[in-house]
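As a plain string of letters, each chain reads:
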Amino acid sequence: QKEVEQNSGPLSVPEGAIASLNCTYSDRVSQSFFWYRQYSGKSPELIMSIYSNGDKEDGRFTAQLNKASQYVSLLIRDSQPSDSATYLCAVNRGSGNTPLVFGKGTRLSVIA
Amino acid sequence: GAVVSQHPSRVICKSGTSVKIECRSLDFQATTMFWYRQFPKKSLMLMATSNEGSKATYEQGVEKDKFLINHASLTLSTLTVTSAHPEDSSFYICSAKGGGYGTEAFFGQGTRLTVV
């Protein structure tokens, strides 16, 4: 089983809809969870961090964490064409200076 | 979030030459920096982890004599691609952790290296 799994997509949603991106992880000791957005040809940009079970909202983005199910999700409300990108789920398993473990990313396409 | 600056953003070099890429944390002290490479439409691939003042830890399969990493200060890490060949052409990205940001990692803009 891969450490961090994401559906590669593409996930296509119409403009204005809710985009739902999902991620599962295998290591139960993971403590910190992140969502990055990567536009084509650019580097990843941190958009959400979540550390405890439940929901965390920031603008149009909501991250959801369920440690019992080892599941992290990202909801994007009122999706815009500018949200079209690859979304990377990342997990921090150990101490602060260990590298994040990334999923392969889900490509989101928002259709105008 | 924190700002990580990577330079140059693009570089073209001749086969056999060396190229140095700089990664700076502008507004925090980066105790740990990471170097990745990414081929088109592929996942990030971690190359090495670098702690300030220590030798870098390279991932399996990454040649440490070819990809020299220096992390001499809390705000600067460098990656030198030595004796570059066309197969080294890729997108190289640094990432940094530290300061008061806990386990969050911030990425530089990336460097697109083309070896001709």
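Bear in mind that the values here come from a model prediction, so they are computed numbers and not experimental data.

## Overview of the nonpolar core
B:Val4, B:Phe28, B:Trp35, B:Phe67, B:Leu79, B:Tyr92 and B:Leu113 are the most contacted members of the largest nonpolar core, which totals 26 residues. Put simply, the parts of the chain that give this core at least two residues each are β2 (10–13), β3 (19–25), β4 (30–38), β5 (45–51), β7 (67–73), β8 (76–81), β9 (90–98) and β11 (111–115) of chain B. Residue contacts for B:Leu79: discarding those within four places in its chain leaves B:Val19, B:Lys20, B:Ile21, B:Trp35, B:Phe67, B:Leu68, B:Ile69 and B:Tyr92. Of all hydrophobic cores here, the second largest spans 24 residues; its members include A:Leu21, A:Ile47, A:Leu74 and A:Leu108.

## Details of empty space enclosed by the protein
Over the atoms, a rolling probe the size of a water molecule traces out where space has been left empty. All names here are of chain A. As enumerated under the stated definition, the model contains one cavity of 30 Å³ or more in all. In this model, the largest cavity occupies a volume close to 30 Å³. If you trace the largest cavity, you find it lined by Glu3, Val4, Tyr25, Ser26, Asp27, Ser30, Val91, Arg93 and Val101. Here the lining of the largest cavity is composed, by residue class, of four nonpolar, two polar and three charged.

## Notes on the state of the cysteines
All names here are of chain B. One pass over the full model with this rule turns up two disulfides over all chains. Residue pairing for cysteine 23: its cysteine sulfur links by disulfide to cysteine 94, the two sulfurs lying 2.0 Å apart. For the disulfide bridge between cysteine 23 and cysteine 94, the dihedral angle about the S-S bond is near 80°, and by the sign convention the bridge is right-handed. Residue cysteine 23 is located in strand β3, and its partner cysteine 94 is located in strand β9; the two are separated by 71 residues in the primary sequence. Here cysteine 23 and cysteine 94 have matching classes, each one buried. In this model cysteine 13 remains outside any disulfide bridge; the closest cysteine sulfur is found in cysteine 94, 18 Å from its own.

Cut-offs and rules
- Residues numbered from 1 in each chain as written.
- Chains lettered and ligands numbered in written order.
- Predicted model: local features only at pLDDT ≥ 70, side-chain atom pairs only at ≥ 80, totals over all residues.
- Heavy atoms only, no water.
- Core = buried A, V, L, I, M, F, W, Y, C linked by side-chain atoms within 4.5 Å.
- Buried < 20%, exposed > 50% of the residue type's maximum accessible area, 1.4 Å probe, protein only.
- Helix = DSSP H or I, 4+ residues; strand = E, 2+ residues; numbered from the N terminus.
- Contact = heavy atoms within 4.5 Å.
- 1 Å grid on protein atoms, 1.4 Å probe; cavity = no way out; pocket = protein on both sides within 12 Å on 5 of 7 lines; lining within 4 Å.
- Points joined across faces, edges and corners; volume = space filled by probe spheres on them.
- Nonpolar A, V, L, I, M, F, W, Y, C, P; charged D, E, K, R; others polar.
- Disulfide = S-S within 2.5 Å.

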